[in-house]
Amino acid sequence: MSITSSIRRLPKSTRTSLALLAGIALWSALSGPNDSLASLLLLDQPDVQPFPVPARSSRGLRSVLMSSPSATSQSNLTPFQRFLRELAENSGDMSYSDRQSICPAADEILVPHARRATLVLMSYSPRRLEQVAWVMSCYGQMTGVLDKILFVWNNLDVDLPDDILPTGNEPNTVPVQFVKPKENWMTNRFDAPSTYADENAPVILVDDDVFLTAGLIAGMMDYWSDGPRGECSEKCVVGLDPRYGNPHTKKYGIYDNDDHLPNLVIGKTMLASNKFFREYMKDEALVEHTKEPAVACEDLTFSLFVTNATTYLPVAARSMEHYSAKVKVNYQRKFQSEKGEYIGSRYDIPDYDGMSVGGGGWIQKRHQCVEWNLDYYGDTLMKTLLEVHYDDGDEDMKTDGNTNEDVMES
């Protein structure tokens with residue numbers, strides 16, 4: 001009996017499996033030693049190691065993106081790769097030839113501003129390094145809105161690979177200052193500009209799981225200089241994510257009410273004068289209470305610190321869509337000026353290892369943070385907050401229908 005006849009006698013499912021294995025073996029042989037059979041089989045198991053840690057010898061982002069995207073199906077890409085592919089498809093650039101080719105609106109400045117900001121980005125998780133490399137490369141091109149980038153690597157146990165940060169020495173790029181603290185403290189991102197930026201410099205803090213276009217940075221600077229009604233004058237904090245601390249109940253909530261103003265913004269994206277970061281770091285009680293990551297309180301405390309010092313509430317740039325604090329992968333959120341004109345966008349990048357998406361009683365910690373601050377500052381802060389609180393109810397305290405620790409917000 002011939003081999004062909006023997007194969008034909010096998011069940012159909014067995015024949016299909018044999019054909020698949022033969023095809024895989026042929027593909028592996030043609031692809032060379034770098035594409036083993038084992039690695040190919042792992043493509044159908046993206047959860048095994050969805051975000052590999054780049055080694056120092058890695059080619060960095062270029063090796064992750066792949067030079068031939070058409071050869072790889074969408075289902076075999078990591079969430080970050082799918083995010084970049086969507087950006088490339090939307091821009092019409094499918095080359096994946098380098099990092100710069102897929103930076104959205106790196107030179108977009110729709111609201112020109114006379115000053116440039118210092119950007120502070122702090123990161124900890126090795127699983128986010130590829131997206132860190134991408135955002136840092138893109139921010140490095142924004143010479144029109146940034147004068148300096150401070151990158152704080154808060155992981156004491158893992159060295160940063162060599163290819164993650166741009167050198168900052170190339171012509172027409174933003175200088176980069178690498179900061180390696182001695183302790184894993186959340187307040188390190190306040191200390192970095194206190195040490196490396198001018199006293200009155202506008203400083204923008206941004207998380208490593210979002211990307212801001214140049215136009216949005218310039219638009220935030222405009223809010224910071226003037227405010228929607230000219231009330232900011234560099235004395236308030238400007239953010240993109242409005243929150244509310246109820247002065248009656250001392251509870252924290254997601255702002256979702258047009259009847260009055262938000263009185264908090266969070267550290268996912270936050271802009272303020274560096275003098276406030278310096279003053280904050282001089283208050284030993286504030287630093288001691290908020291430095292540990294598990295406390296989840298440093299950004300709310302900073303927002304309230306500035307309000308207490310100036311009596312100016314924070315200003316949240318206006319979103320062009322209905323706001324939801326739920327994290328949305330690959331979500332482009334557009335912002336507008338007070339006149340209703342588009343100024344720029346923030347892109348949510350797929351989130352790995354984030355504190356606010358991992359449970360651990362997150363919302364309860366935020367409640368405790370608001371209560372601690374109101375007790376710490378006392379009557380002065382309470383008076384400021386009460387002046388813009390029009391009722392004693394809780395209808396403004398929204399958590400998207402969920403008040404437990406699994407609410408996905410920062």
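Residues numbered from 1 in each chain as written. Predicted model: local features only at pLDDT ≥ 70, side-chain atom pairs only at ≥ 80, totals over all residues. Heavy atoms only, no water.

Enquirer: How would you summarise the sheet that holds strand β2 (residues 146-153) if you had to cite specific residues and measurements?
Expert: With mixed pairing, seven strands are arranged side by side in an open sheet as β3-β2-β1-β4-β10-β6-β11. The open sheet is flanked by β3 (176-179) and β11 (315-316), the only strands paired with a single partner. Note: strand β6 (residues 238-239) against β11, two bridges, orientation parallel. Along β11, the bridge assignment pairs Val238 with Val315. Against the sheet, helix α6 (residues 129-139) makes contact with β1 (117-123), β2, β3 and β4 (202-206), and its axis sits at roughly 165° relative to β2, the strand it touches most. Helix α7 (residues 188-196) contacts β1, β2, β3 and β4 of the sheet and is inclined by roughly 135° relative to β2. (Pairing = 2+ DSSP bridges. Helix = DSSP H or I, 4+ residues; strand = E, 2+ residues; numbered from the N terminus. Contact = heavy atoms within 4.5 Å. Axes fitted to C-alpha atoms, helices over the stretch in contact; angles between N-to-C directions.)

Enquirer: Lay out helix α9 (residues 274-282) in plain terms, naming residues and giving numbers.
Expert: Among the residues making up α9, those that are buried are Asn274, Phe276, Phe277 and Tyr280. End-on view of α9: buried residues confined to an arc of 155°, all on one side of the axis. Buried residues along α9 sit in contact with α7, β4, β10 (269-273), α10 (284-290) and α11 (298-310). (Buried < 20%, exposed > 50% of the residue type's maximum accessible area, 1.4 Å probe, protein only. Arc of directions from axis to C-beta.)

Enquirer: Just give me the short version of the state of the cysteines, but keep the residues and values in it.
Expert: Applying the stated criterion to the full structure yields two disulfides. Each disulfide pairs two cysteine sulfurs, and for Cys232 the partner residue is Cys236, the sulfurs being separated by 1.8 Å. The chirality of the disulfide connecting Cys232 with Cys236 is left-handed, given an S-S dihedral of about -100°. Taking relative accessible area as the criterion, Cys236 reaches 1% and is therefore assigned buried. Note that Cys297 is cross-linked by a disulfide to Cys369, the S-S spacing being 2.0 Å. Here Cys297 and Cys369 share a disulfide; its torsion about the S-S bond, 85°, makes the bridge right-handed. A residue pair is termed long-range when its members are at least 10 positions apart, and Cys297 in the loop between α10 and α11 and Cys369 in helix α12 (residues 362-377) qualify at 72 residues. Judged by its relative accessible area of 1%, Cys297 is buried. (Disulfide = S-S within 2.5 Å.)

Enquirer: Tell me about the packing of aromatic side chains, and please be specific about residues and values.
Expert: In total, this model carries 17 aromatic pairs according to the counting rule given. Between Phe190 and Tyr280 the ring centres are 5.1 Å apart and the planes differ by 80°, which places this aromatic pair in the edge-to-face class. Here Phe190 is found in helix α7, whereas its partner Tyr280 is found in helix α9, with 90 residues between them in sequence. Like Phe190, the residue Tyr280 is buried in the burial classification. The residue whose ring lies beneath Arg366 is Tyr252, and the NZ or CZ to ring-centre distance is 5.3 Å. (Phe/Tyr/Trp six-rings, centres within 6.5 Å; stacked < 30°, edge-to-face > 60°. Lys NZ or Arg CZ within 6 Å of the ring centre and 35° of its normal.)

Enquirer: Report on the packing of α9 against α11, specifying residues and quantitative values.
Expert: It is at 11 Å that the axes of α9 and α11 come closest, and there the two elements cross at 105°. Put simply, α9 runs roughly perpendicular to α11. Residues Phe276, Phe277, Glu279 and Tyr280 of α9 form the contact with α11, whose own contacting residues are Glu298, Thr301, Phe302, Phe305, Val306 and Thr310. The residue makeup of the contact of α9 with α11, split by class, is six nonpolar, two polar and two charged. (Parallel < 35°, antiparallel > 145°, perpendicular 65-115°, else oblique. Nonpolar A, V, L, I, M, F, W, Y, C, P; charged D, E, K, R; others polar.)

Enquirer: Requested: an account of the confidence of the model for the protein, with residues and values cited.
Expert: Averaged over the protein, the pLDDT score is 75; the fraction of residues at 70 or greater is 64%. Per-element mean pLDDT across the protein ranges from 30 in helix α3 (residues 37-41) up to 98 in β4. The low-confidence segment residues 26-72, where pLDDT is below 50, has 61 contacts with residues more than four positions distant or belonging to other chains. Of the regions scoring below 50 in pLDDT, residues 389-408 engages in 52 contacts with residues more than four places distant in sequence or in other chains. (pLDDT = per-residue confidence, 0-100.)

Enquirer: Give me unusual backbone geometry: which residues, what numbers.
Expert: Its identity as a non-glycine residue notwithstanding, Ser233 has a phi of 50°, on the positive side. For Ser233, a relative accessible area of 37% translates into the label partly exposed. Backbone geometry at Thr311 places phi at a positive 65°, although glycine is not the residue there. Relative to the elements of secondary structure, Thr311 occurs in the loop between α11 and β11.

Enquirer: Provide a residue-level description of the nonpolar core, including the pertinent values.
Expert: Counting residues in each nonpolar core, the largest one holds 51 residues, and the members touching the most others are Leu119, Trp134, Met136, Tyr139, Leu146, Phe211 and Ile217. Going through the elements one at a time, α5 (79-91), β1, α6, β2, β4, β5 (210-212), α8 (214-226) and β14 (342-348) are the ones with two or more residues in this core. Dropping the residues within four chain positions of it, Leu119 is found in contact with Tyr139, Leu146, Lys148, Ile149, Leu150, Ile204, Val206 and Ile217. Within the second largest apolar cluster, 40 residues are counted, among which are Ala272, Leu286, Ala296 and Leu313. (Core = buried A, V, L, I, M, F, W, Y, C linked by side-chain atoms within 4.5 Å.)

Enquirer: So what about the sheet that holds β5? Which residues, and what values?
Expert: Read across the open sheet, the four strands follow the order β5-β14-β13-β12; overall the sheet is antiparallel. The two strands at the open ends of the sheet, each matched to only one other strand, are β5 and β12 (318-319). Pairing geometry for β5 and β14, over three bridges, is antiparallel. Residue pairing across strands places Leu212 opposite Arg346, the latter belonging to β14. Running over the sheet, α8 touches β5, β12, β13 (332-336) and β14 and is turned about 120° from β14.

Enquirer: So what's going on with helix α13 (residues 379-386)? Which residues, and what values?
Expert: Regarding α13, the residues found buried are Leu381, Met382, Thr384 and Leu385. Angular distribution of buried residues about the axis of α13 spans 160°; they occupy a single face of the element. Residues of α13 that are exposed and point more than 90 degrees away from the buried face comprise Asp379 and Lys383. Among the structural elements, α11 and α12 are those in contact with the buried residues of α13.

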